[in-house]
Amino acid sequence: MKEGYDGGPTLFRLVRFWSRRWAGQASEELTGELRHVQHIMVIEAVATNTHPAGAAPVAGAHEAVTVGTVAHRLGLDHSGASRMVRDAVEAGYLVRATSERDRRRASLRLTESGQELLAGARQWQRQAFEELTASWAERDRRQFASYLQRLADDVGA
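### Remarks on the pattern of salt bridges
Then, number 1: Applying the stated rule across the entire model yields six salt bridges.
Then, number 2: In this structure, Arg86 and Glu90 form a salt bridge, with 3.9 Å as the shortest nitrogen-oxygen distance. Of this pair, Arg86 and Glu90 both sit in helix α4 (residues 78-90), four residues apart, roughly one helical turn.
Then, number 3: Given the relative accessible area of 40%, Arg86 is considered partly exposed.
Then, number 4: One salt bridge connects Glu130 with Arg141, and the closest N-O pair in it is separated by 1.9 Å. One end of the pair, Glu130, is in helix α5 (residues 112-132); the other, Arg141, is in helix α6 (residues 138-155), and 11 residues separate them in sequence.

Put into structure tokens, the structure is as follows:
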């Protein structure tokens, strides 16, 4: 690696910046309320596992999405994820159904409203990427996007 480049700290500096500022900004722009950032996080966790059309498949994506899946994807304990899922269900973004594979478990899926919020969130994310890299050459933007995708795929995000 070239001297002066320090990817680890730079990556985490960006993660901290985005998690504090952009998550709330995206939620406010998409839903009009800051508190809905948790709904976006939950529907992203559900959608990432089920790989909607156009997205790359994720390991285990054929399995039902459960509260445990959401907890794992968001790095939360089960009770915290359960509260977030409950709130997203009450808001109409998710539906709980009995798992076809194990009747003792509830599986989660996006409602039409959840799919609309997810589409809006993904569009907002694309726009943010475009704005952040607007001064870059198109080749560099595509290369950076492919590296980000590769990193996300490698870590199972």
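### Points about α6
Then, number 1: Over its 18 residues, α6 extends 26 Å from the first C-alpha to the last, a length consistent with the 26 Å expected when each residue adds 1.5 Å.
Then, number 2: Positive backbone phi, at 75 degrees, marks Gly156, one or two positions downstream of α6.

### Some words on helix α3 (residues 67-74)
Then, number 1: Turning to α3, its buried residues are Val67, Thr69, Val70 and Ala71.
Then, number 2: Two or three places before Gly68, at the start of α3, stands the capping residue Thr66, its side-chain oxygen 3.2 Å from that residue's backbone nitrogen.
Then, number 3: Positioned one or two residues after α3, Gly75 has a phi angle of 70 degrees, which is positive.

### Here we look at the packing of aromatic side chains
Then, number 1: Under the defined criterion, the tally for this structure stands at two aromatic pairs.
Then, number 2: Considering the side-chain rings of Phe129 and Phe144, the 6.0 Å spacing of their centres and the 10 degrees angle between planes classify their relative orientation as stacked. In this pair, Phe129 is assigned in helix α5 and Phe144 in helix α6, connecting sequence segments 15 residues apart.
Then, number 3: Joined through ring pairs, the aromatic side chains of Phe129, Trp136 and Phe144 make up one cluster.

### With respect to the nonpolar core
Then, number 1: Counting residues in hydrophobic clusters, the biggest one holds 21 residues, and the most contacted among them are Val42, Ile43, Val46, Val70, Val85, Leu94 and Leu110.
Then, number 2: Listing elements by their share of this core, those giving two or more residues are α2 (37-50), α3, α4, β2 (106-110) and α5.
Then, number 3: Looking at this core element by element, the count peaks at six residues for α2.
Then, number 4: Among all residues touching Val46, those that are not within four sequence positions of it are Val65, Val70, Leu94, Leu108, Arg109 and Leu110.

Parameters at a glance
- Throughout, residues of each chain are indexed from 1 in the direction in which the sequence is written.
- Where totals are concerned, whole chains, interfaces and linings use all residues; where local detail is concerned, this predicted model gives features only for residues with pLDDT of at least 70, and gives and counts side-chain atom pairs only at 80 or more.
- Side-chain measures were taken over the full set of non-hydrogen atoms in the model, leaving aside hydrogen atoms and water.
- For salt bridges, the criterion is a side-chain nitrogen of Lys or Arg within 4 Å of an Asp or Glu carboxyl oxygen.
- In DSSP terms, a helix is any run of H or I states spanning at least four residues, a strand is any run of E spanning at least two, and both are numbered starting from the N terminus.
- Here the term buried applies to any residue with accessible area under 20% of the maximum for its type, exposed to any over 50%, and partly exposed to those in between, with areas from a 1.4 Å probe on protein chains only.
- Given a helix with a known number of residues, its expected span is that number minus one, times 1.5 Å.
- For this analysis, a polar contact is any N or O atom pair within 3.5 Å, provided that within protein one partner can donate a hydrogen and the other can accept it, and provided that sequence-adjacent residues contribute only side-chain to side-chain pairs.
- Here is the rule: rings of Phe, Tyr and Trp (six-membered ring for Trp) pair when centre to centre is within 6.5 Å. Planes less than 30 degrees apart are stacked, more than 60 are edge-to-face, and the remainder are tilted.
- Buried Ala, Val, Leu, Ile, Met, Phe, Trp, Tyr and Cys residues form a nonpolar core when they are joined through side-chain atoms within 4.5 Å.
- We call two residues contacting when some pair of their heavy atoms lies within 4.5 Å.

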